[in-house]
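Summary of the model geometry
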Amino acid sequence: MFGDTACLTVNLDAIIANWRKVAAQAPKAECAAVVKADAYGLGAAEVAPALWRAGCRRFFVAHAEEALALRRHLADATIHALHGVPADAEAEYVQQRIVPVLSTPEQVSRWVAAARRHGAPLDAALQVDTGINRLGLQPREFDALLANSDPLGAFRLQFIMSHLACADEPDHPLNAEQASRFAAARARLPGLSGSFANSAGCFLGPAFAHDILRPGIALYGGNPIDPRATALHAAAQMQPVVELAGKILQIRDIDSAGCVGYGASYRVEKPSRIATVAVGYADGFLRALSNRGQAVITSADRSYQVPIAGRVSMDMITLDISALPADACKPGDAAVLLGGGIDLDAQAAAGGTISYELLTGLGPRYARRYLGGAA
Ligand SMILES: *Cc1c(COP(=O)(O)O)cnc(C)c1O
């Protein structure tokens with residue numbers, strides 16, 4: 001690896017600790033793991049086997065391709081595709097034991113047809129929409145399905161699920177409405193397990209826990225609860241998982257007044273020092289963090305938080321290090337952009353987005369390092 005490459009370090013032990021913390025919110029439930037979008041950008045091939053070794057037995061991805069790719073890393077886990085089963089993928093799902101989450105009457109019919117061809121019931125999960133209006137059977141479609149016992153007889157249904165729209169806002173009235181609609185849907189399939197809670201939902205109490213938890217972002221170090229809900233936000237603090245460090249390419253002194261970067265958007269009026277770091281928006285480091293984001297530079301004895309000065313460009317950012325002692329850093333040293341004192345949620349918020357988007361955008365240019373994750 002050449003010297004200028006930025007490094008993304010993923011702490012698998014922290015992911016496992018976060019998974020255990022979420023699981024502890026509902027000890028009677030099974031805690032699954034959502035590893036869609038390559039485990040939120042952190043690498044499903046590393047993250048999922050580490051969680052398996054820690055005891056996780058059920059994994060959710062979005063796409064068929066993700067499900068089939070994950071099977072190569074998890075021989076025995078239960079793998080669910082949240083987007084269901086695409087036309088023509090049925091045979092491969094059966095062969096690879098992918099359990100689709102069926103969300104439309106059309107998917108139900110095709111999986112019934114696949115079971116007929118297979119000559120035996122197939123595993124399936126069923127999603128009902130309780131108010132997010134995104135995926136899942138609508139109430140009249142669920143009624144129609146229940147009125148005709150034929151399709152359900154073709155399945156070994158593992159659980160019924162639904163997805164919360166506002167779980168990060170604990171006081172949002174839609175949470176209670178969705179919880180009561182989901183309880184009503186479950187009552188119509190007595191004895192069948194239920195899955196309802198994403199990361200935030202896992203912290204909302206027993207009415208949201210049900211039987212199978214589906215945390216994603218909390219595993220990867222994002223706090224799932226809105227900071228304005230202070231008590232729950234504090235309870236849902238997760239261990240940081242990601243450290244993103246960029247190399248300082250150059251340090252320059254500005255003698256008196258001047259400006260930094262494209263658009264001359266950062267002006268200094270007195271002598272200043274600027275460090276240029278080899279991470280930019282092509283690395284998923286949001287351009288919206290221009291003049292807003294923070295970094296940390298650690299020198300032998302202490303850490304300094306410094307502002308991003310000027311625009312984030314494709315391959316670089318510039319930091320105003322004027323407040324640091326002259327010998328605090330030099331070219332080749334690291335500037336930390338996530339983790340190590342830079343809170344993931346705070347950095348995302350400074351860029352006008354959420355931890356999910358920041359993590360999933362981090363991209364392929366980093367040298368990646370994985371820590372821990374043993375049995
Ligand atoms: C992405 C997703 C999750 C995980 O959500 P987090 O907020 O990351 O915990 C759970 N369930 C469904 C259906 C999802 O799409």
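Here goes a summary of the coordinates provided. Given the structure is predicted, the values throughout are model-derived calculations rather than measurements.

Calculation rules
Residues numbered from 1 in each chain as written. Predicted model: local features only at pLDDT ≥ 70, side-chain atom pairs only at ≥ 80, totals over all residues. Heavy atoms only, no water. Helix = DSSP H or I, 4+ residues; strand = E, 2+ residues; numbered from the N terminus. Polar contact = N/O pair within 3.5 Å; in protein donor to acceptor, adjacent residues only side chain to side chain. Contact = heavy atoms within 4.5 Å. Near = heavy atom within 4 Å. Areas by Shrake-Rupley, 256 points an atom, 1.4 Å probe, with all protein chains shown as cover. Buried < 20%, exposed > 50% of the residue type's maximum accessible area, 1.4 Å probe, protein only. Pairing = 2+ DSSP bridges. Right-handed = clockwise from strand over helix to strand, strands pointing away. Phe/Tyr/Trp six-rings, centres within 6.5 Å; stacked < 30°, edge-to-face > 60°. Lys NZ or Arg CZ within 6 Å of the ring centre and 35° of its normal. Salt bridge = Lys/Arg side-chain N within 4 Å of Asp/Glu carboxyl O.

**Points about the side chain of Arg 110**
You can see Arg 110 is positioned in helix H6 (residues 105-118). Only 2.8 Å separates the side chain of Arg 110 from the side chain of Glu 90, close enough to count as a polar contact. Leaving out residues up to four positions away in the same chain, Arg 110 has contacts with Val 85, Pro 86, Ala 87 and Glu 90.

**Things to note about the site of the ligand**
Neighbouring residues of the ligand: 14 residues in total, closest Lys 36, Tyr 40, Ser 199, Ile 217 and Tyr 356. At a separation of 2.5 Å, an oxygen atom of the ligand approaches a polar side-chain atom of Tyr 40. Within the contact set of the ligand, an oxygen atom lies 2.6 Å away from a side-chain nitrogen or oxygen of Tyr 356. Here the ligand loses 92% of its free accessible area of 390 Å² to cover by the protein chains.

**Re the pairing of strand S4 (residues 58-61)**
Both faces of S4 are covered, namely the face carrying Arg 58 and Phe 60 and the face carrying Phe 59 and Val 61. In this structure, strand S3 (residues 33-34) lies alongside S4, joined through 2 bridges in parallel fashion. Its bridge partner lying in S4, Ala 33 is registered against Phe 59. Pairing analysis gives 4 bridges linking S4 to strand S5 (residues 78-81), with the strands arranged parallel. Paired with Phe 59 across the strands is Ile 79, a residue of S5. Regarding topology, helix H4 (residues 64-71) serves as the crossover connection from S4 to the parallel S5, and that connection is right-handed.

**Side note on the packing of aromatic side chains**
On inspection of all chains with the given rule, the structure shows 6 aromatic pairs. Aromatic side chains Phe 196 and Phe 208 sit 6.0 Å apart centroid to centroid with 10° between the ring planes, which places their arrangement in the stacked category. With Phe 196 in the loop between strand S9 (193-195) and helix H10 (206-209) and Phe 208 in helix H10, this pair connects stretches of sequence that are 12 residues apart. Neither Phe 196 nor Phe 208 differs from the other in exposure class; each is buried. Members of the aromatic cluster, connected to one another through ring pairs, are Tyr 40, Tyr 220 and Tyr 356. Above the face of the Trp 52 ring, Arg 57 is positioned so that its terminal group lies 3.6 Å from the ring centre.

**Topic: the pattern of salt bridges**
In this structure the tally under the stated criterion is 13 salt bridges. A salt bridge links Arg 181 to Glu 177, with the shortest nitrogen-to-oxygen separation between them at 3.1 Å. Remark: Glu 177 and Arg 181 occur in helix H9 (residues 173-187); sequence separation between them is 4 residues, near one turn of the helix. Residue class for Glu 177 comes out partly exposed when judged on its relative accessible area of 37%. Residues Asp 283 and Arg 365 are paired through a salt bridge, measuring 2.8 Å at the closest nitrogen-oxygen approach. Placement of Asp 283 in the loop between strand S14 (272-277) and strand S15 (294-298) and of Arg 365 in the loop between helix H13 (355-360) and strand S19 (367-371) is noted, with a sequence separation of 82 residues between them. Note on Asp 283: relative accessible area 3%, which makes it buried. Arg 365 sits in the partly exposed class, given a relative accessible area of 43%.

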